[in-house]
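One-letter residues, chain by chain:
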Amino acid sequence: VLIFDNRAIGKTCDDGVATLTADLLAHDVMQLCDELNLALPHIVGHSMGGTIAQTIAANYPDKIKKLILISTAAKWRVPMRFAFQSLLNMRQCGIDFDIIFAASIPLLFGERFLQDASQVAIFKQGILANPAPQSMSDQARQFHMLEIFDGRRQVANIRAQTLVVHGREDILSLPFES
């Protein structure tokens, strides 16, 4: 299993590119696969990673073996794009982290997780302890990518065996969106 940071997150923030696209990030992943001599990898993408994974499968159909899409969408719904933008606006206005956290966590987790205060606290501490937190400008670039992404037409180009996974309480992406 290979886990890596895409552009605009982690330690890969200084990339010199103004606008992110799913095509660009998909190309990055395939370059990494080529560099590591990974022949026909299985690609797994969650949320925004699913946007990238779909694009990989559509643009490079002969270069991957299997595709797994988790809680993602072929086109992100307007309500979710509004939610992403609202969270970014709160951050840009200097709203306290605790308030932003409280506003965002119900978008990410379901009933059982949210009822377990210790798990919520552990998750929050993980965010606060991040050694390479995402900048506001990089978060804006990522949200813009999700806003402009429309993979509904490219779905027909996906030939890899594909597993689509959704959580029962997932409100970011709904099953009919994949």
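About the cut-offs
- Residues numbered from 1 in each chain as written.
- Predicted model: local features only at pLDDT ≥ 70, side-chain atom pairs only at ≥ 80, totals over all residues.
- Heavy atoms only, no water.
- Axes fitted to C-alpha atoms, helices over the stretch in contact; angles between N-to-C directions.
- Helix = DSSP H or I, 4+ residues; strand = E, 2+ residues; numbered from the N terminus.
- Parallel < 35°, antiparallel > 145°, perpendicular 65-115°, else oblique.
- Left-handed = near helix turned anticlockwise from the far one by under 90°.
- Contact = heavy atoms within 4.5 Å.
- Nonpolar A, V, L, I, M, F, W, Y, C, P; charged D, E, K, R; others polar.
- Buried < 20%, exposed > 50% of the residue type's maximum accessible area, 1.4 Å probe, protein only.
- Pairing = 2+ DSSP bridges.
- Right-handed = clockwise from strand over helix to strand, strands pointing away.
- Core = buried A, V, L, I, M, F, W, Y, C linked by side-chain atoms within 4.5 Å.
- Polar contact = N/O pair within 3.5 Å; in protein donor to acceptor, adjacent residues only side chain to side chain.

Participant: Break down the packing of helix α3 (residues 78-92) against helix α4 (residues 97-108) for me, with residues and values.
Facilitator: Any two packed helices are characterised by the angle at which their axes cross and by the distance between the axes. Contact pair α3 / α4: the axes reach a minimum separation of 10 Å and the direction vectors enclose 165°. Looking at the two axes, α3 sits roughly antiparallel to α4. When the axes of α3 and α4 are compared, the crossing they make is left-handed. Contact residues: Ala83, Leu87, Met90 and Arg91 in α3; Ile99, Ile100, Ala103, Ser104 and Leu107 in α4. Class assignment of the residues belonging to the contact of α3 with α4 gives a composition of seven nonpolar, one polar and one charged.

Participant: Let's hear about the environment of Phe82: which residues, and what values?
Facilitator: Along the chain, Phe82 turns up in helix α3. The exposure class of Phe82 is exposed, given its relative accessible area of 58%. As for Phe82 and Ile68, which are separated by 14 residues in sequence, their C-alpha atoms are 26 Å apart.

Participant: For the environment of Lys124, give the residues involved together with the corresponding values.
Facilitator: Relative to the helices and strands, Lys124 is located in helix α6 (residues 117-128). Distance in space between the C-alpha atoms of Lys124 and Phe97 is 10.0 Å, their sequence separation being 27 residues.

Participant: How would you summarise the pairing of strand β1 (residues 42-46) if you had to cite specific residues and measurements?
Facilitator: The side chains of a regular strand alternate between both faces of the sheet. What you see with β1 is a clean split: Ile43 and Gly45 sit on the buried side and His42, Val44 and His46 on the side with no burial. Two elements, β1 and strand β2 (residues 66-70), share five bridges in a ladder whose sense is parallel. In the sheet register, His46 faces β2, and the bridge partner there is Ile70. Since β1 and β2 lie parallel, the crossover through helix α2 (residues 48-59) that links them has a hand, and here it is right-handed.

Participant: Break down the packing of α4 against α6 for me, with residues and values.
Facilitator: Across the interface, α4 lies against α6 with an axial gap of 12 Å and an inter-helix angle of 120°. Taken as axis vectors, α4 and α6 run oblique relative to one another. Regarding α4 and α6, the two cross each other, and that crossing is right-handed. Along its contact with α4, which presents Phe97, Asp98, Phe101, Ile105 and Leu108, the element α6 presents Val120, Phe123, Lys124, Ile127 and Leu128. Residue composition of the contact of α4 with α6, by class: eight nonpolar, no polar and two charged.

Participant: Let's hear about the nonpolar core: which residues, and what values?
Facilitator: Grouped together as the largest cluster of nonpolar side chains are 35 residues, with contacts concentrated most on Ile52, Ile56, Ile64, Leu67, Phe84 and Met145. Residue assignment for this core shows that the elements contributing at least two residues are α1 (22-35), α2, β2, α3, α4 and α7 (136-148). Ignoring anything within four residues of it in the chain, the contact list for Ile56 reads Ala26, Val29, Met30, Ile43, Pro61 and Ile64.

Participant: With reference to specific residues and values, describe the side chain of Gln154.
Facilitator: Mapped onto the secondary structure, Gln154 falls in the loop between α7 and β3 (161-165). A polar atom in the side chain of Gln154 sits 3.2 Å from the side chain of Thr55. Aside from chain neighbours lying at most four places away, what touches Gln154 is Gln54, Thr55, Ala58, Asn59 and Phe149.

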